[in-house]
Amino acid sequence: MTDARIPEKPALEGLEAKWGGVWETQGTYRFDREHATRECIYSIDTPPPTASGSLHIGHVFSYTHTDVVARFQRMRGKDVFYPMGWDDNGLPTERRVQNYYGVRCDPTLPYDADFTPPFEGGEGKSTKAADQVPISRRNFIELCERLTVEDEQQFEALWRTLGLSVDWTQTYRTIGDEALFTSQLAFVRNVERGEAYQALAPTLWDVTFRTAVAQAELEDREQPGHYHRVSFHRPDGGIIEIETSRPELIPACVALVAHPDDERYQPLFGSTVTTPVFGVEVPVLAHHLAQKDKGTGIAMICTFGDVTDVVWWRELNLPNRAIVGFDGRILAEAPEAITTEAGLAAYAQLAGKTAFSAKQAVVDLLRESGDLLADPKAITHPVKFFEKGDRPLEIVSTRQWYIRNGARDAELKSRLLAIGKEIDWHPDFMRVRYENWVGGLSGDWLVSRQRFFGVPIPVWYPLDGEGSPVFDEPIVANRELLPVDPSSTAAPGYDEAQRGEPNGFIGELDVMDTWATSSLTPQLAGGWERDPELFDLVFPYSLRPQGQDIIRTWLFSTALRAQLEHGTSPWGNAAISGFIVDPDRKKMSKSKGNVVTPAGLLEQHGSDAVRYWAASSRLGTDAAFDPQNPTQVKIGRRLAIKVLNAAKFILGFQGAADAPVTEALDRSTLATLATVVDQATRALESYDHARALEVSETFFWTFCDDYLELVKERAYGEASPAQASAVAALKTALTVLLRLFAPVIPFAAEEAWSWSTDGSVHVAAWPTADELAAGAGAGPELLELAGLALTGIRGAKTNAKASQKTPVSRAVVAGPADTIRLLATAADDLRAVGRIAELSFAEAETLEVRDVELDAPQ
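In this text the structure is predicted, and so the values were computed from the model without any measurement.

Each value, and the rule that gives it
- Residues numbered from 1 in each chain as written.
- Predicted model: local features only at pLDDT ≥ 70, side-chain atom pairs only at ≥ 80, totals over all residues.
- Heavy atoms only, no water.
- Helix = DSSP H or I, 4+ residues; strand = E, 2+ residues; numbered from the N terminus.
- Buried < 20%, exposed > 50% of the residue type's maximum accessible area, 1.4 Å probe, protein only.
- Contact = heavy atoms within 4.5 Å.
- Lys, Arg positive; Asp, Glu negative; His and termini not counted.
- Charge placed at Lys NZ, Arg CZ, Asp CG, Glu CD.
- Polar contact = N/O pair within 3.5 Å; in protein donor to acceptor, adjacent residues only side chain to side chain.
- Phe/Tyr/Trp six-rings, centres within 6.5 Å; stacked < 30°, edge-to-face > 60°.
- Lys NZ or Arg CZ within 6 Å of the ring centre and 35° of its normal.
- Pairing = 2+ DSSP bridges.
- Axes fitted to C-alpha atoms, helices over the stretch in contact; angles between N-to-C directions.
- Core = buried A, V, L, I, M, F, W, Y, C linked by side-chain atoms within 4.5 Å.
- Salt bridge = Lys/Arg side-chain N within 4 Å of Asp/Glu carboxyl O.
- Expected span 1.5 Å × (residues − 1).
- Arc of directions from axis to C-beta.
- Parallel < 35°, antiparallel > 145°, perpendicular 65-115°, else oblique.
- Left-handed = near helix turned anticlockwise from the far one by under 90°.
- Nonpolar A, V, L, I, M, F, W, Y, C, P; charged D, E, K, R; others polar.
- Disulfide = S-S within 2.5 Å.

### Some details on the overall build of the protein chain
Then comes step 1: Helix and strand counts for the protein chain stand at 24 helices and 30 strands.
Then comes step 2: Along the first, second and third principal axes, the C-alpha atoms of the protein chain reach 115 × 65 × 55 Å.
Then comes step 3: Every one of the 858 residues in the protein chain was classed for burial, and the buried ones make up 54%.
Then comes step 4: Across the protein chain, contacts joining residues at least 24 apart in sequence account for 78% of those joining residues at least 6 apart.
Then comes step 5: For the protein chain, the centre of its 84 positive side-chain charges and the centre of its 120 negative side-chain charges are spaced 4 Å apart.

Structure below.
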């Protein structure tokens, strides 16, 4: 009798909705905090996706890898702490809010508790910036939060469809009150310990977003340009030739520099030259970073053309003559060093121009003066950009907040490198990327940003009697005030009427870099300083899963904050996923327009199929994806359907799973499966989910194509020890296979499991070789050899163009003596599956099926 729970026609369609609801109702993935102990917890520092725009196929790829780990550890008996966060503060959200609600942020304005935006639900795309209503930062943040809620709900729905076994009661946001408190408290602690400081310094600046940019947010892009050969004038009437790609910065020139070993320029070190057109006297200096084989071997130092200029400026103690403003245009006021009438007149032609227009103007001036020694030479060279920007970065002087990161602290750098060695990296070679980043840091972490939708820096500044800020005496918020917005709340010891008044105060208007909050995800999710009991249970975390491209940002910054606050590594393991690339092996990204969104794939092929594709790729390995021909997705769907059909077929046999397994072929199959369990378990313990899937799937197809076919006649037969043995082996193997597949294809595994077993497969114990003890002592060879013999029988019928159901009057299986002895123990099954009346065995050098005689001529 067939169990009523087994459907007539098993199908994948609808399983996501069916089982997603059951798992939520039953709390299948709920973190059991009440009974948890530190020893039994497996905690995951889950990446919080950016909650603006839409998820793409790369998210599905990497988050599936994490979910496989979570499901495996849960079945191993661990209490899995698997939260989800939303990274919902950032520039994209700010832009959407401005257009969506017709507002703009003015952090100098007070909070209006009764504010209603001029637009509700409209796109507001036609609203000009000048027409947008100015509102306080707190009001602006409230609108940002309102708009991100819808995105987060859509993301959560997709994650549930994908089958992520997240505990949705453990969810956090990077801009809510808890995140504000955590981020600000960590910053306050950094200040108190001397790890955070403020300084006026050259700053990488994005002129579009009008904000400072940290080293970790840079990317080099190849750009067309020109080298210009220009003459600087020596006091003796001679010239020094330099080549520069940025002639517009000649007014900002503070020195010429050559390598100390360059014999061409050694006689000139310590002398001075005069800049062309602008007539400023500058020194000729030596520095080891100058390149003898680049251009003419001598370069001009400008404040500031690139990061090397900053290094030279700092180490050679040079003056600052910056001429580029925050908007990317040349400042109106000339540097004090330009004093000649001709120099000031030349500078006046540049004032207010963009860097691009100023470059052309200076080239024209150089031609007129005769200081352009050759026509500009076209080049292509790397130029630094903000990773989200579309215009080259400038370097301007600004007052910013920094957190020490080891760039100028050898002892801290050593501790951070030690953390890298303490972490188990998967794959291990990713450790080098971390070490290279730490070793190559050139400056402390710039954490302040000139934005609005972010965590306010909890600092005020007193004003002196003339109303000027006293930046060297910041008023830092204490714990009791947190979370706080200094632009809307008066400084301790002052009242709001004193804001901006002489002898009063002003609030810090900058916010923290988004990484300054994301670097605290272990603390945010774990309730640091809010829920000490929970934090002690989950921290340090077991796992940090993430992409390889943010090792230098998210992974490093999290390790840094944990070292500064706790003196330890934040996790024991780091699992690093590769990229998704298109069929041309190009990384998928929104900017390239080759991103694939996953909703359509999930709907068309099913979540298990998409998860299979993701789980087939090893950590750290890039995976090509062709949306027009998603081969691996189709293979995954075929596997999931086969699991359902095989389960239905096996559960239709009459017999118990715990009956004695007596037949050699049955025992060989269980012995083979025991080996598979051991291999898959070791692979998953090593974070090699692809290998675990590979060995499990390979066995499954052998199991279905060979073993199931070989024993089905016996399993259908009259009750007997041999029949009971087949059914017991089949049902035992099925329960093991469903658990092996559960982390990868959770919906099909749960559906098939539910047909015969109460409770969820996802909280069932992970299979062990001990469960397959009935196969102890048996070798895997018999299953393999029987499969080869079966293939030979099938091949003979195929060659004769006969149906596989065609009876065979006689056949011979030949092979080496040991092979024949083994195969003889499965003679009855071979005879039954091949419909062979007379099956005999003979010795031969290799295994073959011969002398096959069909009952009726074809």
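### Overview of the side chain of Glu195
Then comes step 1: With respect to the secondary-structure elements, Glu195 resides in the loop between helix H5 (177–192) and strand S7 (196–206).
Then comes step 2: Engagement of the side chain of Glu195 in a polar contact is seen with the side chain of Arg193, the distance being 2.9 Å.

### Considerations on the packing of aromatic side chains
Then comes step 1: By the definition in use, this model includes 28 aromatic pairs.
Then comes step 2: In textbook terms, an aromatic cluster arises when at least three aromatic residues are bridged by ring pairs, as seen for Phe31, Phe81, Phe535, Phe539 and Tyr541.
Then comes step 3: Stacked on the ring of Tyr111, the Lys or Arg Arg138 has its end atom at 3.8 Å from the ring centre.
Then comes step 4: Against the face of Trp554 rests Arg544, its NZ or CZ located 3.2 Å from the ring centre.

### Quick word on the sheet that holds strand S28 (residues 808–815)
Then comes step 1: Pairing is mixed across the open sheet formed by 3 strands, whose spatial order is S29-S28-S30. Each of the sheet's edge strands pairs with one partner strand only, and the pair in question is strand S29 (836–843) and strand S30 (848–854). Across the sheet, the axes of successive neighbouring strands diverge by a mean angle of 15°, strand direction being ignored.
Then comes step 2: Across 7 bridges, the pairing between S28 and S29 is parallel. Among the inter-strand pairings, Gly815 is bridged to a residue of S29, identified as Glu843.

### Concerning the nonpolar core
Then comes step 1: Grouped together as the largest cluster of nonpolar side chains are 88 residues, with contacts concentrated most on Leu665, Leu673, Phe700, Phe703, Leu730 and Leu740.
Then comes step 2: Element by element, the count of residues in this core is highest for helix H19 (residues 689–716), at 13 residues.
Then comes step 3: Residue contacts for Phe703: discarding those within four places in its chain leaves Ile650, Thr669, Leu708, Leu730, Ala733 and Leu737.
Then comes step 4: Ranked by size, the runner-up nonpolar core spans 76 residues in total, among them Cys105, Trp401, Ile475 and Ala562.

### Focus on the sheet that holds strand S20 (residues 459–462)
Then comes step 1: Judged by pairing direction, the sheet is antiparallel, and its 3 strands sit side by side in the order S21-S20-S22 without closing on themselves. Because the sheet does not close on itself, it has two edges, and the strands there are strand S21 (475–476) and strand S22 (505–507).
Then comes step 2: Where S20 meets S22, 3 bridges bridge the pair, whose relative direction is antiparallel. Of the residues in S22, the one forming a bridge with Trp460 is Gly507.

### A short note on the pattern of salt bridges
Then comes step 1: For the structure shown, the criterion picks out 48 salt bridges.
Then comes step 2: Measuring nitrogen to oxygen at the nearest pair gives 3.0 Å for the salt bridge that ties Glu533 to Arg33. Placement of Glu533 in helix H13 (residues 532–538) and of Arg33 in the loop between helix H1 (15–26) and strand S1 (41–43) is noted, with a sequence separation of 500 residues between them.
Then comes step 3: Here Glu533 falls in the exposed class, since its relative accessible area comes to 53%.
Then comes step 4: In this structure, the salt-bridge partner of Asp364 is Arg367, at a minimum N-O distance of 3.9 Å. Taken together, the residues Asp364 and Arg367, both in helix H8 (residues 355–369) and 3 residues apart, mark about one turn of the helix.
Then comes step 5: Each of Arg189, Arg193, Glu195, Arg479, Glu529 and Glu565 takes part in a single network of salt bridges with overlapping partners.

### So, helix H2 (residues 57–75)
Then comes step 1: Under the 1.5 Å per step criterion, the end-to-end length of H2 is 27 Å for 19 residues, consistent within 8% with the ideal 27 Å.
Then comes step 2: Counted residue by residue, H2 has 19 buried out of 19 residues, so it is predominantly covered.
Then comes step 3: Among the residues trailing H2, Gly77 stands out with phi positive, at a value near 100°.

### Things to note about helix H10 (residues 430–439)
Count 3.6 residues to each turn of an α-helix, and residues three or four apart come out pointing the same way.
Then comes step 1: Turning to H10, its buried residues number three or more, namely Met430, Arg431, Tyr434, Trp437 and Val438. Here the buried residues of H10 occupy an arc of 125° about the axis, which is enough to place them on one side.
Then comes step 2: Looking at the buried residues of H10, the elements they touch are helix H9 (410–422), strand S17 (424–426), helix H14 (551–566) and strand S25 (571–577).

### Concerning the packing of helix H17 (residues 631–651) against H19
Then comes step 1: Between H17 and H19, whose axes approach to 12 Å, the crossing angle comes to 25°. Relative to H19, the element H17 is oriented roughly parallel. H19 is crossed by H17, and the crossing has left-handed handedness. Of the residues in H19, those in contact with Ile635, Arg638, Leu639, Lys642, Val643, Ala646, Phe649 and Ile650 of H17 are Glu697, Phe700, Trp701, Phe703, Cys704, Leu708, Lys712 and Tyr716.
Then comes step 2: Residue composition of the contact of H17 with H19, by class: 12 nonpolar, no polar and 4 charged.

### A look at the state of the cysteines
Then comes step 1: Scanning all chains against the criterion turns up 0 disulfides.
Then comes step 2: Free of any disulfide, Cys253 has its nearest neighbouring cysteine sulfur in Cys302, separated by 4.8 Å.

### With respect to the environment of Trp554
Then comes step 1: For Trp554, the position within the fold is in helix H14.
Then comes step 2: The class for Trp554 is buried, based on a relative accessible area of 2%.
Then comes step 3: Taking the C-alpha atoms as reference points, Trp554 and Gln170, separated by 384 residues in sequence, lie 21 Å from one another.
Then comes step 4: For Trp554, the contacting residues outside a window of four places in its chain are Asp45, Thr46, Pro47, Pro48, Trp515, Ser518, Ser519, Thr521, Arg544, Pro545 and Gln546.

### Some remarks on the packing of helix H16 (residues 607–615) against H17
Then comes step 1: One can describe the packing of H16 onto H17 by two numbers: an axis separation of 7 Å at closest approach and a directional angle of 125°. Taken together, the axes of H16 and H17 lie oblique to each other. The way H16 lies across H17 gives a crossing that is right-handed. Residues Asp608, Ala609, Val610, Tyr612 and Trp613 of H16 lie in contact with H17, whose contacting residues are Gln632, Val633, Ile635, Gly636, Arg637, Leu639 and Ala640.
Then comes step 2: Of the residues that constitute the contact of H16 with H17, the class distribution is 8 nonpolar, 2 polar and 2 charged.

### Topic: the environment of Asp3
Then comes step 1: Counting through the fold element by element, Asp3 comes out in the segment before H1.
Then comes step 2: Accessibility expressed as a relative area gives 30% for Asp3, which makes it partly exposed.
Then comes step 3: A sequence separation of 645 residues divides Asp3 from Lys648, and the C-alpha atoms of the two residues are 9.5 Å apart.

### A short note on unusual backbone geometry
Then comes step 1: The omega torsion of the bond from His426 to Pro427 falls at 0°, within 30 degrees of zero and hence cis.
Then comes step 2: On the secondary structure map, Pro427 appears in the loop between S17 and H10.
Then comes step 3: Residue Pro483 is reached from Leu482 by a cis peptide bond, and omega for that bond is -5°.
Then comes step 4: Tracing the sequence through the fold places Pro483 in the loop between S21 and S22.
Then comes step 5: Residue Tyr687 is not a glycine yet carries a positive backbone phi of 65°.
Then comes step 6: Residue placement: Tyr687 occurs in the loop between helix H18 (664–685) and H19.
Then comes step 7: A positive phi angle, near 55°, is found at Lys801, a position not held by glycine.
Then comes step 8: Positionally, Lys801 belongs in the loop between helix H22 (781–799) and S28.

### Considering the pairing of strand S9 (residues 218–233)
Then comes step 1: Direction of pairing for S9 relative to strand S15 (residues 377–386): antiparallel, over a ladder of 10 bridges. Each bridged residue has a counterpart across the sheet, and for Arg221 the counterpart in S15 is Val383.
Then comes step 2: Two strands pair when backbone bridges link them, and S9 and strand S10 (residues 239–244) are joined in this way by 6 bridges, in the antiparallel orientation. Within S10, the position partnered with Val230 by the bridge is Ile242.
Then comes step 3: Linking two consecutive strands that pair antiparallel, namely S9 and S10, is a turn of 5 residues; a positive phi of about 95° is found at Gly237 within it.

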